Amino acid sequence: MEHYYQQEIECAPREEILKIQDRKLVEQVKHVWENVPYYRKKMEEKGLTPDDIKGVEDLHKLPFLSKYDLREAYPYGLLGVPLKDCVRIHSTSGTTGKRVVAFYTQGDVDLWEDCCARAIMATGCTEDDVCQVSYGYGLFTGGAGLHGGSHKVGCLTIPMSSGNTERQIMFIQDLNATLICCTPSYAAYLGESMKEMGLKPEDIPLKAGIFGAEAWSEEMRRDIEKTLGIKAFDIYGLTELSGPGVAFECSAQNGMHINEDHFIAEIIDPETEEVLPEGTQGELVFTAIDKKAFPMMRYRTRDVCTLHRVKCSCGRTFVKMEKPKGRTDDMLIIRGVNVFPSQIEAVLLENGYQANYQIIVDRINNNDTFDVHVEMTPEMFTDNVAEISKRQNDLVAGLKSMLGIKAKVTLVAPKSITRSEGKAVRVIDRRKI
Ligand code: DLL
C-alpha cells in the first residue's frame, strides 16, 4: 500500500497544481520586487515589473540567480524579510570561497519539513517506524531536514548525526531502527563495516534508507540494497532551496518527484540559457514559490539532469527528475571529453568493485593525465601480479567503452582510500588552467 503525507496535493491533477503555481508565482514576484532590491534591480535591467508576470508561462522572462549572485549579495543581500522574522540559518558544505548562507522563517522551516515528511512516507514508513538520522547535524541541511520530517510523520527519531560507525550499527540493532537517512557513500561504508563485524542483512531491522546529497548510480543502489537488506530511495535538495526534500523518490524507485506546489523546475541549456523541452538533458533551474526569507528565483543549480512528466505507478502527479548526472562544475573535461564521476562509478560497480575510488587529473607537457585509483574488495585482494594486471586491463577497457578515452587504472588495497561520513571526495584535479 502506498503511503502519502499530503495525498491530496501530492496526487492533485496537473491543472490544479498549475493553478497553484500561477497564483504563488505572481505573489512571490511581488514579494521579491518589494523586499529584495538586489533582484528588483535585475528585473529592472530587463525592463520587467511584477505586472509582466501573470503566471508560469511568463517565468522564462525573469532573470536568473546563480552562485555568483549569492556570493555578491552575501550575507544579507537576498533576504526577503526583516531579520527578526527569521528563526534559522543553514549553510552549504562547500569548501571554496564564501559559503552560501540561507535564512528561514518559521513558515519556511515548516514547508521544508513537510517536504521531508513526504519523502519519508513515500518509502512506506509511517509513525510506526524508527528513523535513524545519520546525516550531519549543524549548518548542513541534511540532519535538520530529515529530523524535522521524521517528527512530522511521527516516527521515533534517533538524531545520530554522522560518524562513529560502530555506535551507528549498535543503535540500529538495539533501538530497532527501520529507516536510515545518510549519504549513499556513508550507507555503503556502513554495509562494509557490518560485513566486517560478521553481520548479515537479516541481522539488522532496517527496511528502507533515504540517501542523497551527492550523485550515486543505479549500480550503487543495488549494492547498498543487497548489503543492508533494504530498499534504497534517492532524495534531492540544496541549501539555497531549503535543503533535502526538493524532490524525493517513491515506490517506483525510478526518478524523484519534485514538490511542485513549492518549487517550479526548468531545464536550460547552460551555454545559451534557453529553456529546453521536458525530456532533454540540461541544467536544472528552480524557482521557490513559497519560501519567504530566502526567495530563490530561477536559481541555476549547476546540476545536470532530465525531467519527465509521466504517469507514475505511485499515484503522484508531480514531475519526476532523473538522478542528477553530476554538476556542470563537477564535470571534468579530460582531453576534450566530458567525464562525470558517476559514469566511472557505474563501470566500477558493474565490474564487481565498490564505490571506493578517486579520480586524479593532471596536465603534463600540455597533455591531460587521467588516473583512476580503485580499491579492490577484500574478496579480490591478491598479490598475484598477473591477476591484478588482468583486472586493471578489464577496467581500462570498460572505462574506454563508457567514456571514449583511456584512463590509467591502479588497483589499491582494500580500505586504503579515505572514507567519508558526509559527501565523498572523488576528484583531485591538479591541472592549473
Ligand atoms: O546536499 C541537501 C541534501 C541533504 C540533499 C541531504 C539530500 C540529502 P547542499 O550541501 O547545498 O545541500 O548541496 C546541494 O548536492 O546541488 C547537488 O549537486 C547535490 N545533490 C543533492 N542531492 C543529490 C542527489 C544538500 N540525490 C548539491 N543526487 C546539489 C545527486 C545531489 N546530487
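Conventions adopted
Residues numbered from 1 in each chain as written. Predicted model: local features only at pLDDT ≥ 70, side-chain atom pairs only at ≥ 80, totals over all residues. Heavy atoms only, no water. Buried < 20%, exposed > 50% of the residue type's maximum accessible area, 1.4 Å probe, protein only. Helix = DSSP H or I, 4+ residues; strand = E, 2+ residues; numbered from the N terminus. Pairing = 2+ DSSP bridges. Polar contact = N/O pair within 3.5 Å; in protein donor to acceptor, adjacent residues only side chain to side chain. Contact = heavy atoms within 4.5 Å. Axes fitted to C-alpha atoms, helices over the stretch in contact; angles between N-to-C directions. Parallel < 35°, antiparallel > 145°, perpendicular 65-115°, else oblique. Nonpolar A, V, L, I, M, F, W, Y, C, P; charged D, E, K, R; others polar. Expected span 1.5 Å × (residues − 1). Salt bridge = Lys/Arg side-chain N within 4 Å of Asp/Glu carboxyl O. Near = heavy atom within 4 Å. Areas by Shrake-Rupley, 256 points an atom, 1.4 Å probe, with all protein chains shown as cover. Right-handed = clockwise from strand over helix to strand, strands pointing away.

Caption draft 1: Representation of the pairing of strand β10 (residues 263–268) in the model. Within β10, 6 of the 6 residues are buried, leaving the element largely enclosed by the surrounding structure. The alternating pattern of β10 places Phe-263, Ala-265 and Ile-267 and Ile-264, Glu-266 and Ile-268 on opposite faces, both of which are buried. Across 6 bridges, β10 lies against strand β11 (residues 282–288) in antiparallel orientation. For Ile-267, the partnering residue across the bridge sits in β11 and is Leu-284.

Caption draft 2: Examining the side chain of Asp-368 more closely. Looking at the element boundaries, Asp-368 is found in strand β19 (residues 367–375). Judged by relative accessible area, which is 10%, Asp-368 ranks as buried. Within polar-contact distance, the side chain of Asp-368 engages the backbone nitrogen of Arg-335 at 2.8 Å. Ignoring sequence-local partners within four residues, the contact set of Asp-368 consists of Ile-333, Ile-334, Arg-335, Asp-362, Arg-363 and Arg-431.

Caption draft 3: Looking closely at the packing of helix α9 (residues 218–228) against helix α10 (residues 341–350). At a closest axis distance of 8 Å, the pairing of α9 and α10 adopts a crossing angle of 45°. Classified by the angle between their axes, α9 and α10 sit oblique to one another. Counted together, Glu-219, Met-220 and Asp-223 of α9 and Glu-345, Ala-346, Leu-349 and Glu-350 of α10 form the full contact between these two elements. Of the residues belonging to the contact of α9 with α10, the class tally is 3 nonpolar, no polar and 4 charged.

Caption draft 4: Geometry of helix α2 (residues 14–35). Its 22 residues give α2 an end-to-end C-alpha distance of 31 Å, which sits within 8% of 32 Å, the value for a rise of 1.5 Å per residue. Where α2 is concerned, the buried positions are Ile-17, Ile-20, Gln-21, Lys-24, Leu-25, Gln-28, Val-29, His-31, Val-32 and Trp-33. Residues of α2 that are buried sit in contact with α1 (7–10), α3 (37–45), β10 and β11.

Caption draft 5: Layout of the pattern of salt bridges. Across all of its chains, the model carries 33 salt bridges by this definition. Linking Asp-368 and Arg-431 is a salt bridge whose minimum nitrogen-to-oxygen distance equals 3.2 Å. With Asp-368 in strand β19 and Arg-431 in the segment after β21 (427–429), this pair connects stretches of sequence that are 63 residues apart. Exposure remark for Arg-431: the relative accessible area of 12% places this residue in the buried category. The network of salt bridges with common partners includes Arg-14, Glu-260, Glu-278 and Arg-309.

Caption draft 6: Geometry of the site of the ligand. Neighbouring the ligand are 22 residues, the closest being Asp-234, Ile-235, Thr-239, Asp-303 and Lys-423. At a separation of 3.2 Å, a nitrogen atom of the ligand approaches a polar backbone atom of Glu-214. Asp-303 has a polar side-chain atom sitting 2.6 Å from an oxygen atom of the ligand. Here the ligand loses 94% of its free accessible area of 610 Å² to cover by the protein chains. Those elements giving two or more residues to the shell around the ligand turn out to be α6 (141–153) and β7 (231–238). Considered class by class, the residues forming the shell around the ligand number 9 nonpolar, 7 polar and 6 charged.

Caption draft 7: Representation of the pairing of β7 in the model. Within β7, 6 of the 8 residues are buried, which leaves the element mostly enclosed by the surrounding structure. Here strand β6 (residues 208–212) pairs with β7 via 5 bridges, running parallel. Looking across to β7, one finds that Ile-210 is bridged to Phe-233. For the handedness criterion, the β-α-β arrangement of β6, α9 and β7 is classed as right-handed. Looking at chain direction, β7 and strand β8 (residues 243–249) are connected through 4 bridges and run antiparallel. Looking across to β8, one finds that Tyr-236 is bridged to Ala-247.

Caption draft 8: Quick peek at the sheet that holds strand β18 (residues 357–364). If you walk across this open sheet you meet the 4 strands as β20-β19-β18-β21, and the pairing is mixed. A strand with exactly one partner marks an edge of an open sheet, and here the two such strands are β20 (408–412) and β21. In this sheet, adjacent strand axes meet at a mean angle of 20° when their direction is disregarded. Set on the sheet, α10 makes contact with β18, β19 and β21; between it and β18 the angle comes to about 125°. Each of β19 and β20 is contacted by helix α11 (residues 385–403), which is oriented at about 135° to β20, the strand it contacts most.

Caption draft 9: The arrangement of the sheet that holds strand β14 (residues 320–321) in detail. Overall, mixed pairing links the 9 strands, which are arranged β4-β3-β5-β6-β7-β8-β9-β14-β13 in an open sheet. On the outer flanks of this sheet lie β4 (156–158) and β13 (307–308), each paired with one strand and no other. Judged from the 2 bridges that link them, β13 and β14 form a sheet pairing that is antiparallel. Across the sheet, the residue bridging to Leu-307 is Met-321, located in β14. Across the sheet, helix α8 (residues 184–196) is in contact with β5 (179–182) and β6; its angle to β5 comes to roughly 125°. Against the sheet, α9 engages β6, β7 and β8, with an angle of about 130° to β7.

Caption draft 10: Unusual backbone geometry, seen in detail. Here the bond from Tyr-74 into Pro-75 is cis, since omega is -5°, no more than 30 degrees from zero. Within the secondary structure, Pro-75 sits in the loop between α4 (67–72) and β1 (86–91). The phi angle at Gln-253 is positive, at roughly 50°, despite the residue not being glycine. Turning to its location among the elements, Gln-253 is positioned in the loop between β8 and β9 (256–258). Here Gln-253 falls in the buried class, since its relative accessible area comes to 15%. Even without being glycine, Asn-365 reaches a positive phi, approximately 50°. By the element assignment, Asn-365 lies in the loop between β18 and β19.

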